[in-house]
Amino acid sequence: MPLKLHYFAGPGRAEVSRLLFTIGGIPFEDVTYTFATYGEFKPKTPFGQVPVLEFEDGRMLAQSGAIDRYVAKLAGLYPEDPKDAAFADMVVFHMNDFMDLFSPTWQMPAEEKVKARQDILAGKGGDKLKALEKIIEKAEAEGGGYVAGGKLSFGDVVVYTYLSGITSSAMDGIPKDLLNAYPALKAFRNKLANHPAIKAYYAAKTDDSRASYKPDP
Ligand SMILES: N[C@@H](CCC(=O)N[C@@H](CS)C(=O)NCC(=O)O)C(=O)O
């Protein structure tokens, strides 16, 4: 029985785990909900939220950070060296901080949302992308092109997923060419998008929400 990953159909907070399973060649069941069907599953989850990873014995693991790290370990994508793991985590927490800046915008009316997101990118959000770009430039120059341990890890997959998601159709108000202002981030995202397993995964996806996850044209 494969592990079951429960979430909505869009990328959201389950996409990193989906990719880690895919890159690791680990079969899993991608159980997806609509807002209409989710209501029945919600009470079965530990915190009334998804994503949730369901084990063979029925136990449910919640919190995307815990699920991602567990799946990364299964897939051999969580660095074994504690220092490398800490540097991968550092980048992941930075990406979480970046996305958290946008949390208050989700419930805003359309016009206010667009303005708020543009303001974030002109301020703290842009600062965080610039800081990330320095890390990626250093990784390319000295770290074998990856954020930790000189090889692909869960940290890289998180950076790729968030950089792809920020310019997706789900993020109104963010210019779709945002990464043109951050050439190292653009090149890094495109490198990951061309990883054979990632590329094949998105080649099979036709939904609008995943168009920005594909390789650059
Ligand atoms: N910290 C949690 C947050 C989970 C979360 O906010 N899930 C949202 C979807 S992205 C959810 O379940 N919303 C529906 C609900 O709360 O009933 C995680 O990272 O897993």
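Just so it is clear, the structure is predicted and the values come from calculations on it, not from any experiment. (Residues numbered from 1 in each chain as written. Predicted model: local features only at pLDDT ≥ 70, side-chain atom pairs only at ≥ 80, totals over all residues. Heavy atoms only, no water.)

Attention now moves to the domain arrangement of the protein. On domain assignment, one finds that the protein holds domain 1 (3–74) and domain 2 (82–194). Computed from C-alpha coordinates alone, the two centres of domain 1 and domain 2 are separated by 22 Å. Each side of the interface is counted separately: domain 1 has eight residues, and domain 2 has ten residues. The junction of domain 1 with domain 2 conceals about 660 Å² of combined surface from both sides, 80% of it contributed by carbon and sulfur atoms. (Domains from an automatic or database assignment. Contact = heavy atoms within 4.5 Å. Buried area = accessible area lost by both parts, 1.4 Å probe.)

Tallied over the full model, the rule gives 13 salt bridges. Across the salt bridge formed by Arg69 and Asp89, the nearest N and O atoms sit 2.9 Å from each other. Here Arg69 is found in helix H3 (residues 64–74), whereas its partner Asp89 is found in helix H4 (residues 82–100), with 20 residues between them in sequence. Accessibility assignment for this pair places Arg69 and Asp89 in one class, buried. Salt bridges sharing common partners tie together Glu15, Arg18, Asp30, Asp207 and Arg210. (Salt bridge = Lys/Arg side-chain N within 4 Å of Asp/Glu carboxyl O. Helix = DSSP H or I, 4+ residues; strand = E, 2+ residues; numbered from the N terminus. Buried < 20%, exposed > 50% of the residue type's maximum accessible area, 1.4 Å probe, protein only.)

Before going further, it helps to examine the environment of Tyr70. Position of Tyr70 relative to the elements: it lies in helix H3. Through-space distance from the C-alpha of Tyr70 to that of Ser17 is 8.9 Å; in sequence the pair is 53 residues apart. Those residues in contact with Tyr70 that sit more than four places away from it in its chain are Leu3, Leu53, Phe55 and Leu61.

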